[in-house]
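# Survey of secondary and tertiary structure
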Amino acid sequence: MAGYKITQDVFTSKINILIYGDPGAGKTYLAGTAQDVPEMQNVHFFNIDGGLMTLASRGGDITATDIHSVDDLEREFFKVANHDPEYSGVKTVVIDNISELLTLALEEATTREFAARVKKNKNYSIDEVYLEDYSVAGKKLARILRGFRDLPLNVIYLAHKKDKMRKGTNTLEASTPNLTDKLCVAVCGYMDFVGYLYTADEQVEHNGQYQTVMHRYLLTQPMNNYVAKIRNDIVAERLGAFIQDPTFTKIYDAYKGI
């Protein structure tokens, strides 16, 4: 097996990023700005969340595939990996979003086991999720998401936010991507960049009057119990602790030192 030299170019040749935040924070919109970076074109969304309307105003420069099951996504993964003509020219894939993908995986697990469980317990509900379901779903998703991460493409994962409270208190212990604890640790470990996207209303003076302006911020480093990281120290220094009104042009420029 041939080795390689560990240089900056090895780790900035493509972008692997997980962006998480509350619904409406602008995750899908931000991911769509990857299409504005010539080196990241063309962008293809795997649509699980059903929230692509925010991209409609772009005029159709982004393509998408609707995903209705985990098996759907795995089939598309093999197409991409095997250079299917359907994905010719795609340089960036977005999975929107992996929190909903986990929900699909759990629904599939409970549906698959429904008949056997009803035999054992006639009062069993398909909405009951067993610990073993989380384990099976988590392993399957980890394998697929790791597979996408290893493709020679830019990969963007989007996820909802989960607030974890200290047991028996109202104290926030951690804010993380909304996945099982084990899957969250695994997926965050896969990615070179994990960012928390949020909005903030700020007062801005204009002609002697103050008006409220909303800005988006992408947290790039851990702060106040929010999970975030950039694995590359040079990129982290260029971007700083957070990016105001982030775009993938700003992110890509930091990766390439522009």
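Whatever comes next refers back to the structure up there.
Structural notes, computed from the coordinates. Values in this document were obtained by computation on a predicted structure and should not be read as measured data.

A word on the environment of Ala186. Tracing the backbone shows Ala186 in helix 6 (residues 181-190). For Ala186, a relative accessible area of 25% translates into the label partly exposed. Spatially, the C-alpha atoms of Ala186 and Ile67 are 22 Å apart, while their sequence positions differ by 119 residues.

Across soluble globular proteins, nonpolar side chains show a tendency to be buried alongside one another. In terms of nonpolar packing, the biggest core is built from 41 residues, with Leu18, Phe46, Ile95, Ile98, Phe148, Tyr157 and Val187 touching the most fellow members. Elements represented by at least two residues in this core include exactly strand 1 (16-21), helix 3 (70-81), strand 4 (92-96), helix 4 (98-120), helix 5 (131-149), strand 5 (154-165), helix 6 and strand 7 (193-206). Among all residues touching Phe148, those that are not within four sequence positions of it are Phe46, Leu73, Phe77, Val93, Ile95, Val155 and Tyr157. One finds Ala31, Val43, Leu55 and Val94 within the second-largest nonpolar core, a separate group that totals 30 residues.

Next up on the list: the pairing of strand 4. The two faces of a sheet get side chains in turn, since along a regular strand they alternate between them. Counting buried residues along strand 4, 5 of its 5 residues qualify, which places the element largely inside the surrounding structure. Of the two faces of strand 4, the one carrying Thr92, Val94 and Asp96 and the one carrying Val93 and Ile95 are both buried. Where strand 2 (residues 43-47) meets strand 4, 5 bridges bridge the pair, whose relative direction is parallel. Paired with Val43 across the two strands is Thr92, which belongs to strand 4.

Attention shifts here to the side chain of Thr65. Along the chain, the position of Thr65 falls in strand 3 (residues 63-66). A polar contact of 2.7 Å, which involves the side chain of Thr65, links it to the side chain of His44. In this structure, Thr65 is in contact with His44, Phe45, Phe46, Asn47, Glu76, Glu86 and Tyr87, ignoring residues within four places of it in sequence.

Let us look at the environment of Tyr252. When you line up the elements, Tyr252 lands in helix 8 (residues 248-256). In this structure the C-alpha to C-alpha distance between Tyr252 and Glu39, which are 213 residues apart in sequence, comes to 8.8 Å.

Attention now moves to the pattern of salt bridges. Under the counting rule described, the total for this entry stands at 15 salt bridges. Put simply, Glu173 and Lys164 hold a salt bridge, and the shortest N to O gap is 3.9 Å. Relative accessible area serves as the criterion here: at 33%, Glu173 is assigned to the partly exposed category. Each of Lys162, Lys164, Arg166, Glu173 and Asp181 takes part in a single network of salt bridges with overlapping partners.

Before going further, it helps to examine the packing of helix 5 against helix 6. In the contact formed by helix 5 and helix 6, the axes pass within 10 Å of each other and the chain directions differ by 5°. Classed by the angle they form, the pair helix 5 and helix 6 counts as roughly parallel. Facing helix 5, whose interface residues are Gly138, Leu141, Ala142, Leu145, Arg146 and Arg149, helix 6 presents Leu183, Val187 and Tyr190. When the residues that make up the contact of helix 5 with helix 6 are grouped by side-chain class, the tally is 6 nonpolar, 1 polar and 2 charged.

Let's shift gears to helix 8. Working note: α-helix, 3.6 residues per turn, so residues spaced by three or four point in the same direction. Of the positions making up helix 8, those classed as buried are Phe248, Ile251, Tyr252, Ala254 and Tyr255. Taken down its axis, helix 8 places every buried residue within 155° of arc, on the same side. One or two residues past the end of helix 8 sits Gly257, with phi positive at roughly 75°.

What follows concerns the side chain of Thr220. Mapping Thr220 onto the fold places it in the loop between strand 8 (209-219) and strand 9 (229-230). Overall, the relative accessible area of 0% leaves Thr220 in the buried class. Within the local environment of Thr220, its side chain forms a polar contact with the backbone oxygen of Gly240, the two atoms lying 2.5 Å apart. Residues contacting Thr220, with those up to four places away along its chain left out, are Phe193, Val194, Ala228, Lys229, Ile230, Gly240, Ala241, Phe242 and Ile243.

Reading guide: rules and limits
Residues numbered from 1 in each chain as written. Predicted model: local features only at pLDDT ≥ 70, side-chain atom pairs only at ≥ 80, totals over all residues. Heavy atoms only, no water. Helix = DSSP H or I, 4+ residues; strand = E, 2+ residues; numbered from the N terminus. Buried < 20%, exposed > 50% of the residue type's maximum accessible area, 1.4 Å probe, protein only. Core = buried A, V, L, I, M, F, W, Y, C linked by side-chain atoms within 4.5 Å. Contact = heavy atoms within 4.5 Å. Pairing = 2+ DSSP bridges. Polar contact = N/O pair within 3.5 Å; in protein donor to acceptor, adjacent residues only side chain to side chain. Salt bridge = Lys/Arg side-chain N within 4 Å of Asp/Glu carboxyl O. Axes fitted to C-alpha atoms, helices over the stretch in contact; angles between N-to-C directions. Parallel < 35°, antiparallel > 145°, perpendicular 65-115°, else oblique. Nonpolar A, V, L, I, M, F, W, Y, C, P; charged D, E, K, R; others polar. Arc of directions from axis to C-beta.

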